[in-house]
Amino acid sequence: MIVVGVEGTAHTFGVGVVDSVGWRILSDVRSTYTPAVGSGILPRDAAQFMGENAGETIRKALVDANVGWSDVDAVAFSQGPGLGPCLRTAATSARALALYHKKPLVGVNHCIAHIEVGRVLAGFKKPLVLYVSGGNSQVIEFNGGRYRVFGETQDIGVGNMLDKFGREVGIQHPAGPKIEVLARDGGKYLPLPYVVKGTDLSFSGILTAALKYHKEGERLEDVCFSLQETAFAMLCEVTERALAHLNAKEVLLTGGVGYNKRLAEMVSLVASEHGAKFANAGKYNGDNGAMIAVVGALMRRAGLETPIDESQVYPNQRTDDVEIVW
Ligand code: ATP
Ligand code: FE2
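Here's what I pulled together on the structure shown here. Counting from 1, residues in each chain are numbered in the order their sequence is written. Lettering of chains starts at A and numbering of ligands starts at 1, both following the order in which they are written. Totals for whole chains, interfaces and linings use all residues, but because this is a predicted model, local features are given only for residues with pLDDT of at least 70 and pairs of side-chain atoms are given and counted only at 80 or more. Values reported for side chains reflect all heavy atoms of the structure, with hydrogen atoms and water molecules removed beforehand.

**Brief notes about the nonpolar core**
In plain words, nonpolar cores are sets of buried Ala, Val, Leu, Ile, Met, Phe, Trp, Tyr and Cys residues tied together by side-chain atoms within 4.5 Å. Between buried and exposed lies partly exposed: a residue is buried under 20% and exposed over 50% of the maximum accessible area for its type, with that area taken using a 1.4 Å probe on protein chains only. The biggest cluster of nonpolar side chains holds 48 residues, and the ones touching the most others in it are V158, M161, F165, F203 and L235. Looking at this core, the elements with two or more residues in it are strand 6 (128–132), helix 4 (158–169), helix 5 (176–184), helix 6 (204–215), helix 7 (220–246), strand 11 (250–254) and helix 8 (261–273). If one sorts the elements of this core by residue count, helix 7 sits on top with twelve residues. The contact rule is simple, with two residues in contact once any of their heavy atoms fall within 4.5 Å. Setting aside its immediate chain neighbours within four residues, V158 contacts V132, S133, S137, F203, A231, F232, L235 and V257. In terms of nonpolar packing, the next biggest core, distinct from the first, is built from 32 residues, V67, A91, A94 and L105 among them. To qualify as a helix, a DSSP run of H or I must reach at least 4 residues; to qualify as a strand, a run of E must reach at least 2; elements of each kind are numbered from the N terminus.

Structure (structure tokens):
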């Protein structure tokens, strides 16, 4: 089955084409909105960017995949959660494609797409998932037909924390990748608030304390190093607690912060100490259309379809709202 996936929840308008036979990703084209230095994502600007780039991104994804519309079995789109204006723009594109080309439409949960792309590519069955991105930081288990949140941030996502720190110190969005590079040249550990409460986390205190160190003149490299070591150790602690409690055999790291090599190294160590396999969503960690297409294919294979008049977007949809019937 060949599915076209349209992603548009925040910064990236992504279109991917996937063949569910052998889970081959035929194309993955991303157009990414970049806010000005000192600014975060402005939802209306991001949505406008998506509208302007949608046509070309869709066209290129089909050309790269070397498929025509007659080969396509369904159109999937990110139905939630995310920024309302962006979600609506992507949904409008997907509805137009489905109607014009007479293909079934499927609405996909963005968080589940981050999980499922990593899971199918790794060949995992029921992984314990560490999903870390801009908006989300969750440890997730599969139980009773849903992905259930074992623990999560009580305030901002870890990626959001890194991006906000970057914004204040003059690093352009997204700051995560640049902080990773700076941290490699740091080595002096500056103590930061380590906040784990049972299975939940909090990152806002780290942000405030790190900005204070920066103002006091500590080297940016050392602040970045300390930020990463503290935040990532917290994530590992909750992952390890879940791993031991659930006796999980597979651990999957996914979401944009999953690109971070230091985090991947730490999580893979936790997994190996418990005899669990480890996988990372790799180049599909960040927002992309291929992950939406993967879930679209899983949903279509289970006979699901989203009629146009039920295709409204859900900006606040949660991971555990969705029943996994595939
Ligand atoms: P979600 O809706 O899933 O929260 P998102 O809009 O945050 O998605 P993603 O592409 O999943 O989008 O994640 C983006 C985040 O990943 C940003 O906060 C960015 O700074 C962070 N990030 C990207 N690369 C790295 C890296 N190498 N190290 C740390 N953080 C990174
Ligand atoms: Fe995301």
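There's plenty left to go through after this.
**Side note on the site of ligand 1**
Of all residues adjacent to ligand 1, which total 23 residues, the nearest are Y131, S133, G134, D163 and E180. Identification of polar contacts relies on pairs of N or O atoms within 3.5 Å, with a donor-acceptor requirement for protein atoms, meaning one able to donate a hydrogen and the other able to accept it, and with residues adjacent in sequence counted only if both atoms are side-chain atoms. Note that an oxygen atom of ligand 1 is positioned 3.0 Å from one of the side-chain N or O atoms of H110. Here G135 contributes a backbone N or O atom positioned 2.8 Å from an oxygen atom of ligand 1. Taken by itself ligand 1 offers 640 Å² of open surface, and the protein chains cover 91% of this. Contributions of two or more residues to the shell around ligand 1 are made by helix 3 (110–122), helix 4 and helix 5. Residues were grouped as follows: Ala, Val, Leu, Ile, Met, Phe, Trp, Tyr, Cys and Pro as nonpolar; Asp, Glu, Lys and Arg as charged; and all remaining residues, including Gly, as polar. Of the residues that constitute the shell around ligand 1, the class distribution is eight nonpolar, twelve polar and three charged. The domain boundaries here were taken from an automatic or database domain assignment. Per-domain counts for the shell around ligand 1 show at least three residues from each of domain 1 (2–115 + 285–321) and domain 2 (126–282). Residues are classed as near a molecule or strand on a simple rule: at least one heavy atom within 4 Å of it. The method behind every accessible area is Shrake-Rupley, applied with a 1.4 Å probe, and residues are considered shielded solely by the protein chains displayed.

**Structural notes on the coordination of the iron ion (ligand 2)**
A 2.8 Å cut-off from the metal defines N, O and S donors, relaxed to 3.2 Å for Na, K and Ca; water is not in the atom list, so some sites may appear incomplete. Note on the iron ion (ligand 2): its protein donors are H110 (NE2), H114 (NE2) and D287 (OD). The metal-donor distances range over 2.1 to 2.2 Å. Around the iron ion (ligand 2), the six donor atoms are arranged such that angles at the metal cover 62 to 172°; this shape is classified as irregular. Sequence spacing of the donors to the iron ion (ligand 2): H-x3-H-x172-D. Taken together, the residues span about one helical turn, with H110 and H114 both in helix 3 at a distance of four residues. Both residues of the pair, H110 and H114, count as buried. The rule is simple: four donors are tetrahedral if all their angles sit between 85 and 135 degrees, four are square planar and six octahedral if opposite donors span more than 155 degrees and the others lie between 65 and 115, and anything that fits none of that is irregular.

These results come straight from atomic positions and should not be treated as a statement about function.
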